[in-house]
Amino acid sequence: ADNLTRRLPAGNNQDELSQMVACLNQMLDRLEKSFRRIRQFSGDASHELRTPLTILRGETEVTLRWAKTTDEFRDMLRSNMEEIDRMERIIESLLTLAKSEVGELTLEMKQLSLSDMVQELYLQSRILCEAKQIKVEMDLKVEQEVRIRGDELRLRQMFLNLISNAIKYTPDGGELKIVLAQEDDLAVVDIVDSGIGMHAEHLAHIFDRFYRVDKARNRMDGGTGLGLAIVKWIAEAHGGSISVTSEVGKGSSFSVRLPIQGPEEGKHPKTTILD
């Protein structure tokens, strides 16, 4: 376990011994990847849970030492509940990613109307945007209904995550656009905002776990830093992809491309698929 990078020397012969060496090296490859995933999960969990636990401990100690009234104790408990909720979201998101990596998550694949889903997301977005008076626009660049094979719950989770992020980083009075198009055998959904945008150096990393463009702002907003990693997994589990373009001060555009026929067996992240 301390040195899983070592491999048995493989010769050029095609005899039984060479075949056995190849099998053992493949087994070591799988073991190394499994250990790496375990270490990553443990490291991610301990790193991200440290902050809310520190806040919980500090606020509790201060309250026990100085609080005198019922309202002061109630404020402390309310703050503690916020940190507990945050820890719960972190753990749930980590477990989702961990299960996706070992194929323990199940995708309930069925034929569904992506056109209907986009229109429902548009109506939900208008409600979510009311508080910030963000103008929401829907652009259907298709002449007929777009139907795809996919997991409705996971796809909705992916799009709502992208929409929530767009709203979070778009100032009051900004704009949000949801675009549906079809390119040959691909359905394309774009989530475009007029938000704060990102510098180019961040774009290659924003789908990484716990990567934050603005660490202070993300933590204040209650983000776990795992949402876009889950979004990427959902897109790729459907045989699709996600990309982003952004410009500071002008906004960001996330583009999800999904195959109409759903994922091809063996060409997507290991996931249990039920038809």
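Conventions and cut-offs
- Residues numbered from 1 in each chain as written.
- Predicted model: local features only at pLDDT ≥ 70, side-chain atom pairs only at ≥ 80, totals over all residues.
- Heavy atoms only, no water.
- pLDDT = per-residue confidence, 0-100.
- Helix = DSSP H or I, 4+ residues; strand = E, 2+ residues; numbered from the N terminus.
- Patch = residues over 30% accessible without salt bridge, like charges linked within 9 Å, V, L, I, M, F, W, Y side chains within 5 Å.
- Areas by Shrake-Rupley, 256 points an atom, 1.4 Å probe, with all protein chains shown as cover.
- Salt bridge = Lys/Arg side-chain N within 4 Å of Asp/Glu carboxyl O.
- Lys, Arg positive; Asp, Glu negative; His and termini not counted.
- Charge placed at Lys NZ, Arg CZ, Asp CG, Glu CD.
- Buried < 20%, exposed > 50% of the residue type's maximum accessible area, 1.4 Å probe, protein only.
- Phe/Tyr/Trp six-rings, centres within 6.5 Å; stacked < 30°, edge-to-face > 60°.
- Axes fitted to C-alpha atoms, helices over the stretch in contact; angles between N-to-C directions.
- Left-handed = near helix turned anticlockwise from the far one by under 90°.
- Contact = heavy atoms within 4.5 Å.
- Nonpolar A, V, L, I, M, F, W, Y, C, P; charged D, E, K, R; others polar.

1. Some words on the confidence of the model for the protein
Here comes step 1: Per-residue confidence for the protein gives a mean pLDDT of 83; residues scoring 70 or more make up 84%.
Here comes step 2: Within the protein, the element-level pLDDT minimum falls on helix α6 (residues 215-220), averaging 49, and the maximum on strand β6 (residues 186-193), averaging 96.

2. Thoughts on a negative patch on the surface
Here comes step 1: Taken together, the side chains of Glu82, Asp85, Glu88 and Glu92 present a region of like negative charge at the surface.
Here comes step 2: Locating glutamate 88 in the fold gives a position in helix α2 (residues 70-101).
Here comes step 3: By relative accessible area, which is 44% here, glutamate 88 ends up partly exposed.

3. A word on the packing of aromatic side chains
Here comes step 1: Applying the stated criterion across every chain, the model contains one aromatic pair.
Here comes step 2: Summarising the aromatic geometry, the rings of phenylalanine 207 and phenylalanine 254 are spaced 6.2 Å apart at their centres and angled 90° between planes, so their arrangement reads as edge-to-face. Within this pair, whereas phenylalanine 207 is found in the loop between α5 (200-203) and α6, its partner phenylalanine 254 is found in strand β8 (residues 251-259), the two being separated by 47 residues in sequence. Of the two residues, phenylalanine 207 and phenylalanine 254, both sit in the buried class.

4. A short note on the packing of helix α3 (residues 114-129) against helix α4 (residues 152-168)
Here comes step 1: Taken N-terminus to C-terminus, the directions of α3 and α4 make an angle of 35°; their axes are 11 Å apart at the nearest point. For the pair α3 and α4, the sense of crossing is right-handed. Here α3 contributes Leu114, Met117, Glu120, Leu121, Gln124, Ser125, Leu128 and Cys129 to the contact with α4, which in turn contributes Glu152, Leu155, Arg156, Phe159, Leu160, Ile163 and Ile167.
Here comes step 2: Grouping the constituent residues of the contact of α3 with α4 by class yields ten nonpolar, two polar and three charged.

5. Details of unusual backbone geometry
Here comes step 1: With a phi close to 55°, glutamine 133 is a non-glycine residue in the positive phi region.
Here comes step 2: With respect to the secondary-structure elements, glutamine 133 resides in the loop between α3 and β3 (135-141).
Here comes step 3: Taking relative accessible area as the criterion, glutamine 133 reaches 65% and is therefore assigned exposed.

6. A few points about the pattern of salt bridges
Here comes step 1: Evaluated as defined, the whole model comprises eleven salt bridges.
Here comes step 2: Arginine 156 is the salt-bridge partner of glutamate 152, the closest N and O atoms lying 3.5 Å from each other. Here glutamate 152 pairs with arginine 156, and both are found in helix α4, just four residues apart, close to one helical turn.
Here comes step 3: The buried category is assigned to arginine 156, whose relative accessible area is 17%.

7. Focus on the side chain of serine 115
Here comes step 1: Looking at the secondary structure, you find serine 115 in helix α3.
Here comes step 2: With near-sequence residues (within four places) excluded, serine 115 lies in contact with Gln144, Glu145, Val146 and Leu180.

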